[in-house]
Amino acid sequence: MAFITDDFLLHGDTASRLYHSWAADQPILDYHCHLPPGDLAANRRFANLFDIWLAGDHYKWRAMRANGVAERFCTGDADPYEKFLAWARTVPATLRNPLYHWTHLELLRYFGVTELLDERTAPAIWERANACLADPDFDAHGILRRFRVAGLCTTDDPVDGLEHHEALAHSALETAVYPCFRPDAALRTRDANRFNTWVDRLSARANVSIARLPDLLDALRRRHDDFHAHGCRLSDHGLERCPGEPCGDVDAGRIFDRVRGGADADPDDADRFASYLMLFFGRLDADRGWTKQLHLGAIRDVNATMRRALGPDTGFDSIGDWPQVSALGRFLDRLHTARSLPKVIVYNLNPSDNYAMATMIGNFQDGAIAGKIQLGSAWWFLDQKEGIEWQLNALSNAGLLSRFVGMLTDSRSFMSYPRHEYFRRVLCNLLGAEMDRGELPGDDELVGGMIQNICHLNAATYFALPARKPSPSLKGA
Ligand SMILES: [Zn+2]
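Quick summary incoming for the structure in this document. This is a predicted model, so every value here is computed, not measured.

### Regarding the overall build of the protein chain
Argument step 1. When you go through the protein chain residue by residue, the secondary structure sums to 19 helices and nine strands.
Argument step 2. The C-alpha atoms of the protein chain give a radius of gyration of 23 Å, which matches the 23 Å a tight globule of 477 residues would have.
Argument step 3. Dimensions along the principal axes, computed over C-alpha positions, put the protein chain at roughly 65 × 55 × 45 Å.
Argument step 4. A buried classification covers 56% of the 477 residues belonging to the protein chain.
Argument step 5. Intrachain contacts of the protein chain at a sequence separation of at least 6 include 77% that bridge at least 24 residues.
Argument step 6. Accessible area of the protein chain: about 19,900 Å², with a carbon and sulfur share of 49%.
Argument step 7. Distance between charge centres in the protein chain, computed from 53 positive and 64 negative side chains, equals 3 Å.

Next comes the structure, spelled out in structure tokens:
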């Protein structure tokens, strides 16, 4: 049997019909990714397959390490082709890991490669991909066009300048590009040095001298305003879990003064300060009609030796096992009580919490905005067939699948757009099978309409991103 056919992951005529009639042609609104704004503004070109596909990919490094590949070929000083060969040798060993699907789907959709990647096919695939990348259509903007990306949101620190976004807004790029406000560094009071360096940068960027807590809040508010003026409508926070204890102005001011003076906050104070700021950020988002994203539950940089050697975000992270659900409930409730609950998307990393999270968010739906609180798409270690199905099933059973804002790449790479196709196939397969079994009505308009909404229209409505250039080739953008 062939591998990635037109009906890949689609078991049966109904699933196939749903996908090809209702999902495949929908534009993409990639509302959370990590593409560098500078690459987008410069319309980056890629020298070779390593540059676009392997550089910085910690998913692949983890698989290579697990397959006994030396670090020199992952993050080390081997040359790009040697690293590609090391990856190619690893690919056959990744059978049943999502990397096996992604690898072949990406090679097929970008470069028309139909062979399986291994040590034997690697040289020809390297040549073919590099020849494609030399084509003008394979620059950053060409790729966004090819995958019908109507809009995307990058991930930006409040201290980042928005000059690339400014340039993009006036460029010929048809994809609307928006910044996203991610102030994680404002919560890192346990390392006073690092915190103060960041506060100094914020001070310079916002043009506010920051001595006391109200100055910090003023600077953050100014950056939030500036992001809003540049089209930003989403914030994002990466948290081990929602901060627990409430914290008033006096306590927060005391903690800030100590840390600003050079003393690291202890864990309790850090948690209290985070709690205070998260409420403040919630208020900012609610006032502006933004959506707040919470990425909960990653335990990061667990391997101390490798962290010292390679730095953070190099593939030494896991699913954490903190109690999440009651902390999330208390956080949402504090915002709600303060009449400051914005639209929220909760991305859960521990699958055992899927159902509990799905029921917790249901407590804060408010009847004014459909799907106001969202159970986010399967994330990181769960972004694979089984994890996607788990998320879809928990959301369906404890909430409304029909209101789901759907998939995002969450990727640093320009080669991740087939993730949307992958998600859409899994979604159509799940629903098509239930139609075949008579568990859903055999009504293509009803089920297909919901699929269409989940693929694009729900997100377009929910985020209410400001219109950029009208674009005839991206219908519904
Ligand atoms: Zn992310």
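Next, the rest of the story.
### Here's the deal with the pairing of strand β2 (residues 149-153)
Argument step 1. With respect to burial, β2 is a largely interior element, five of its five residues being buried.
Argument step 2. Summarising the sheet, strand β1 (residues 28-30) and β2 pair through three bridges and their orientation is parallel. Note that in β2 the partner of D30 across the bridge is L152.
Argument step 3. Bridge analysis of β2 against strand β3 (residues 176-178) gives three bridges, and the strand direction is parallel. Across the sheet, residue L152 finds its bridge partner in β3, namely V177.

### Topic: the coordination of the zinc ion
Argument step 1. Here the zinc ion is held by H32 (NE2), H34 (NE2) and D410 (OD), and the distances to it run 2.0 to 2.1 Å.
Argument step 2. We classify H32 as buried; its relative accessible area is 1%.

### So, a positive patch on the surface
Argument step 1. A cluster of like positive charges, contributed by R188, R194, R300 and R412, occupies part of the molecular surface.
Argument step 2. Mapped onto the fold, R300 is located in the loop between β6 (298-299) and α14 (304-310).
Argument step 3. Assessed through its relative accessible area of 34%, R300 is described here as partly exposed.

### What to know about the nonpolar core
Argument step 1. Core analysis: the biggest nonpolar cluster contains 90 residues, and L216, L277, F281, L294 and I451 have the highest contact counts within it.
Argument step 2. Residues in contact with F281, not counting those within four places in the same chain, are F181, P183, A186, L187, L220, H237 and K292.
Argument step 3. Counting residues in hydrophobic clusters, the runner-up holds 47 residues, among them Y100, F111, V113 and L117.

### Observations regarding the environment of R258
Argument step 1. For R258, the position within the fold is in helix α12 (residues 249-260).
Argument step 2. Given a relative accessible area of 47%, R258 falls into the partly exposed group.
Argument step 3. Distance in space between the C-alpha atoms of R258 and A192 is 8.9 Å, their sequence separation being 66 residues.
Argument step 4. Leaving out residues up to four positions away in the same chain, R258 has contacts with A263 and D264.

Reading the values: the criteria
- Residues numbered from 1 in each chain as written.
- Predicted model: local features only at pLDDT ≥ 70, side-chain atom pairs only at ≥ 80, totals over all residues.
- Heavy atoms only, no water.
- Helix = DSSP H or I, 4+ residues; strand = E, 2+ residues; numbered from the N terminus.
- Rg over C-alpha atoms; globule rule 2.2 N^0.38 Å.
- Buried < 20%, exposed > 50% of the residue type's maximum accessible area, 1.4 Å probe, protein only.
- Contact = heavy atoms within 4.5 Å.
- Areas by Shrake-Rupley, 256 points an atom, 1.4 Å probe, with all protein chains shown as cover.
- Lys, Arg positive; Asp, Glu negative; His and termini not counted.
- Charge placed at Lys NZ, Arg CZ, Asp CG, Glu CD.
- Pairing = 2+ DSSP bridges.
- Donors = N, O, S within 2.8 Å, 3.2 Å for Na, K, Ca; no water.
- Patch = residues over 30% accessible without salt bridge, like charges linked within 9 Å, V, L, I, M, F, W, Y side chains within 5 Å.
- Salt bridge = Lys/Arg side-chain N within 4 Å of Asp/Glu carboxyl O.
- Core = buried A, V, L, I, M, F, W, Y, C linked by side-chain atoms within 4.5 Å.

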